[in-house]
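# Residue-level structural notes
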Amino acid sequence: MKRLKNWDNKTWLSSKSYIFQFNKFLKTKINFNKNSKILDIGCGRANIISALQKKYKFRNKPTGIDIVANKDVKRNIVFKKIEALKYLKKQKKYDLILIKQTIHFFTKTKLKHLLNLSKESLNPKGKILIFSLKTKNNKIPCFKKMRKNLEKSLKKDEVLFKIIKKNLKEISFTNFNFKVNISKQKYVRMIRERYISCLLNMSDKDIKLGISEIKSKYKNQIKFTDTLKCISYRK
Ligand SMILES: C[S@@+](CC[C@H](N)C(=O)[O-])C[C@H]1O[C@@H](n2cnc3c(N)ncnc32)[C@H](O)[C@@H]1O
């Protein structure tokens, strides 16, 4: 698969309001304190852990890892360009391991390794939080071919959820909902920049056709709820 670069590049996922609401949600799961040690796997531009660092001023800056080093990764965290499994083998310990919208990049076997290594990398009472798009009745605005690719990827996610359930055993499920209100013009730019992995392998022609479909299908302002399933595991 080609590499994903524009996921959080000036999209709602990097907006102040999204990060604020997401971190408020995290607070309902974790009692952060100055000594909390945090690892964000597949951190992108590290917007989430950067905002956490600003708020809590942790003694140890959160670590964000990703296989892509974007130019504008946040600087108040420790960023490492490294593959997740390779990093986890270093066996450092964390109180929170965040894996947000990243599991779909893993094969079943690699996901099992990711889970096992993550469990081993937790401090006592540490938590793993996995966030992933909800698989049923997902509201992300799509053109036909994009919807087909997305549904295929969500089906694969369901298989991955089963693996997670089996591997982590004692887990709880909740949802994080964010109400998106975006101009059609901005959303078209996101599609052009292939913001989501189901667009990565499409031809330029498909993207162009898809954009005209979106232009005729939606009003000037696009509103929908972006829902993530949150899987929570505690050691
Ligand atoms: C959809 S983005 C999510 C970014 C961020 N977590 C967020 O929610 O805004 C997924 C990220 O996972 C990264 N990624 C994919 N496979 C990875 C791997 N094996 N190890 C580390 N990062 C990976 C991608 O490069 C991408 O930045």
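Okay, so let's go over this structure.

Procedures and definitions
- Going along each chain's sequence as written, the residues are numbered from 1 onward.
- Selection of residues for local features in this predicted model requires a pLDDT of at least 70, selection of side-chain atom pairs for listing and counting requires 80 or more, and totals for whole chains, interfaces and linings are taken over all residues.
- Side-chain descriptors were evaluated using all non-hydrogen atoms of the structure, hydrogens and water having been removed beforehand.
- Helical segments are the DSSP runs of H or I of at least four residues, strand segments are the runs of E of at least two, and each set is numbered from the N terminus.
- Remark: exposure states derive from per-residue accessible area (1.4 Å probe, protein chains only) relative to the maximum for the residue type, with buried under 20%, exposed over 50%, and partly exposed in between.
- Put simply, a nonpolar core is a bunch of buried Ala, Val, Leu, Ile, Met, Phe, Trp, Tyr and Cys residues held in one set by side-chain atoms that sit within 4.5 Å of each other.
- The criterion used for residue contact is that any of the two residues' heavy atoms lie within 4.5 Å.
- In these notes, residues near a molecule or strand are those with any non-hydrogen atom within 4 Å of it.
- Here a polar contact means two N or O atoms within 3.5 Å. Within protein one must be a hydrogen donor candidate and the other an acceptor candidate, and residues neighboring in sequence count only if both atoms are side-chain atoms.
- Reported accessibility uses the Shrake-Rupley method at a 1.4 Å probe radius. Residues are deemed covered only where the shown protein chains occlude them.
- We call Asp, Glu, Lys and Arg charged. Ala, Val, Leu, Ile, Met, Phe, Trp, Tyr, Cys and Pro are nonpolar, and the rest, Gly among them, are polar.
- In this analysis, axes come from line fits to C-alpha atoms, helices being fitted only over the stretch in contact, and the angle between any two N-to-C directions falls in the range 0 to 180 degrees.
- Small angles under 35 degrees read as roughly parallel and large ones over 145 as roughly antiparallel, with 65 to 115 read as roughly perpendicular and the rest as oblique.
- Note on convention: near helix rotated counterclockwise from far helix by under a right angle means a left-handed crossing. Clockwise means right-handed.
- Each aromatic pair joins two rings of Phe, Tyr and Trp (for Trp, the six-membered one) with centres within 6.5 Å, and gets the label stacked for planes under 30 degrees apart, edge-to-face for over 60, and tilted for any other angle.
- Charge-over-ring contacts are defined here by two conditions on Lys NZ or Arg CZ: a distance within 6 Å of the ring centre and an angle within 35 degrees of the ring normal.

## What about unusual backbone geometry?
- The backbone of Ala 46 shows a phi angle near 65°, a positive value even though the residue is not glycine.
- Here Ala 46 lies in the loop between strand S1 (38-41) and helix H2 (47-56).
- Under the relative-accessibility criterion, Ala 46 is labelled buried at 0%.
- Of note in the backbone geometry, Lys 125 takes a positive phi value of approximately 65° without being a glycine.

## Observations concerning the nonpolar core
- Core analysis: the biggest nonpolar cluster contains 50 residues, and Trp 12, Phe 131, Met 146, Tyr 187, Ile 191 and Tyr 195 have the highest contact counts within it.
- If near-sequence neighbours (up to four positions away) are discounted, Ile 191 is found in contact with Phe 143, Met 146, Leu 199, Ile 207, Ile 211 and Ile 214.

## A short note on the site of the ligand
- Near the ligand lie 16 residues; those nearest to it are Gly 42, Asp 66, Glu 83, Ala 84 and Lys 100.
- Here Asp 66 contributes a side-chain N or O atom positioned 2.6 Å from an oxygen atom of the ligand.
- Between the ligand and the protein, one listed contact pairs an oxygen atom with a side-chain N or O atom of Thr 102 at 3.5 Å.
- In the complex, 95% of the free accessible area of the ligand, which totals 600 Å², lies under the protein chains.
- In terms of residue class, the shell around the ligand is built from nine nonpolar, four polar and three charged.

## Observations regarding the packing of helix H6 (residues 184-192) against helix H7 (residues 204-217)
- Direction vectors running N to C along H6 and H7 enclose 165°, while the axes themselves pass 10 Å from each other. Taken as axis vectors, H6 and H7 run roughly antiparallel relative to one another. Seen along the crossing, H6 lies across H7 with a hand that is right-handed. Here Lys 184, Tyr 187, Val 188, Ile 191 and Arg 192 of H6 come into contact with H7, specifically with Ile 207, Ile 211, Ile 214 and Lys 215.

## Remarks on the environment of Thr 109
- Within the secondary structure layout, Thr 109 lies in helix H4 (residues 108-120).
- For Thr 109, a relative accessible area of 52% corresponds to the exposed category.
- Expressed as a C-alpha distance, the spacing of Thr 109 and Phe 32, which sit 77 residues apart in the sequence, is 32 Å.

## Structural notes on the packing of aromatic side chains
- Summed over all chains, the structure comprises 14 aromatic pairs.
- Residues Trp 12 and Phe 224 carry aromatic rings whose centres are separated by 5.3 Å and whose planes lie at 80° to one another, so their mutual orientation is edge-to-face. With Trp 12 in the segment before helix H1 (16-27) and Phe 224 in strand S7 (residues 221-234), the pair connects residues that are 212 residues apart, well separated along the chain.
- Given a relative accessible area of 7%, Trp 12 falls into the buried group.
- Looking at Phe 224, the relative accessible area reads 9%, which means it is buried.
- Counting every residue linked through ring pairs, the aromatic cluster contains Tyr 18, Phe 22, Phe 25, Phe 131, Phe 176 and Phe 178.
- Over the aromatic face of Tyr 56 sits the side chain of Lys 55, whose NZ or CZ is 5.4 Å from the ring centroid.

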